[in-house]
Amino acid sequence: MTGAVKLYVRVCHGDPLVMAGLVALIGQEPDFHVQAGDAPDEGIVDVVVGDHACALSLLASVAALDQAGVAGGFRVPRVIVVARRDRESEVMQAIASGARGYVRRETNPAELMDAIRHVARGGSLYLCERTKTLLRHGGPSAGFTAREEDVLRFLVKGD
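Just so it is clear, the structure is predicted and the values come from calculations on it, not from any experiment.

1. With respect to the sheet that holds strand E3 (residues 47-50)
Consideration 1: Ordered by their spatial adjacency, six strands build an open sheet running E2-E1-E3-E4-E5-E6, and the pairing between neighbours is parallel. A strand with exactly one partner marks an edge of an open sheet, and here the two such strands are strand E2 (32-36) and strand E6 (126-127).
Consideration 2: Strand direction decides the pairing type here: strand E1 (residues 7-12) and E2, joined by five bridges, are parallel. Each bridged residue has a counterpart across the sheet, and for Arg-10 the counterpart in E2 is Gln-35.
Consideration 3: Along the sheet, helix H1 (residues 16-27) contacts E1, E2 and E3; its crossing angle with E2, the most-contacted strand, is approximately 165°.

What follows is the structure, encoded as structure tokens:
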């Protein structure tokens, strides 16, 4: 992809082996510049790919900065959760916290690359096929109002 705009992707995962694998996999894409870890660097990050804990921690930090009024033009990266499992409550928690994508670790690598591109372009919520199925057929989640559940279901359907 000569002359293509690079997408800057940071991988943050609590399991060093999984993080190394994700960095190697994502780094194979010619239009991606991938970084590992949670240390800041000189570049803007378009998408963060992280495990559930890393993603929620990042999103909570951003929310705290925003509430404190110290964000100061800080560009919030879009976050994709890569999880070992997709329990409905964890998916809903991630979405409610601001995650823009949720995929399982055993997802096809091409689907992860599609998710990164989709989320980087500002697309609607991206869920892997298995997670979409879970949310379509799952029951209501405790802790969400009926309206919040409706909104989440519309997001899952892409409406």
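2. Description of the nonpolar core
Consideration 1: In terms of nonpolar packing, the biggest core is built from 22 residues, with Ile-26, Val-49, Ile-80, Val-103, Leu-112 and Ile-116 touching the most fellow members.
Consideration 2: Every element with two or more residues in this core is listed here: E1, H1, E2, E3, strand E4 (78-83) and helix H4 (109-120).
Consideration 3: Element by element, the count of residues in this core is highest for H4, at six residues.
Consideration 4: Contact partners of Val-103, with chain neighbours within four places excluded, come to Ile-80, Val-81, Val-82, Ala-83, Leu-112, Ala-115, Tyr-126 and Cys-128.

3. Here's the deal with the side chain of Glu-111
Consideration 1: Structurally, Glu-111 is set in helix H4.
Consideration 2: In this structure Glu-111 is buried but unpaired, with Lys-132 as the nearest side chain of opposite charge at 6.4 Å.
Consideration 3: If we skip the residues at most four places from it in the chain, Glu-111 touches Tyr-126, Leu-127, Cys-128 and Glu-129.

4. Side note on helix H3 (residues 88-97)
What sets the pattern is the α-helix's 3.6 residues per turn: residues three or four places apart point alike.
Consideration 1: Residues of H3 that are buried: Glu-88, Glu-90, Val-91, Met-92, Ala-94 and Ile-95.
Consideration 2: Positive backbone phi, at 120°, marks Gly-98, one or two positions downstream of H3.

5. Focus: the packing of H1 against H4
Consideration 1: Contact geometry for H1 and H4: axes closest at 11 Å, N-to-C directions at 75°. With respect to H4, the axis of H1 lies roughly perpendicular. Taken together, the residues of H4 that come into contact with H1 (itself represented by Leu-22, Leu-25 and Ile-26) are Pro-109, Leu-112, Met-113 and Ile-116.
Consideration 2: Of the residues contributing to the contact of H1 with H4, the split by class is seven nonpolar, no polar and no charged.

So, how was this worked out
Residues numbered from 1 in each chain as written. Predicted model: local features only at pLDDT ≥ 70, side-chain atom pairs only at ≥ 80, totals over all residues. Heavy atoms only, no water. Pairing = 2+ DSSP bridges. Helix = DSSP H or I, 4+ residues; strand = E, 2+ residues; numbered from the N terminus. Contact = heavy atoms within 4.5 Å. Axes fitted to C-alpha atoms, helices over the stretch in contact; angles between N-to-C directions. Core = buried A, V, L, I, M, F, W, Y, C linked by side-chain atoms within 4.5 Å. Buried < 20%, exposed > 50% of the residue type's maximum accessible area, 1.4 Å probe, protein only. Lys, Arg positive; Asp, Glu negative; His and termini not counted. Salt bridge = Lys/Arg side-chain N within 4 Å of Asp/Glu carboxyl O. Parallel < 35°, antiparallel > 145°, perpendicular 65-115°, else oblique. Nonpolar A, V, L, I, M, F, W, Y, C, P; charged D, E, K, R; others polar.

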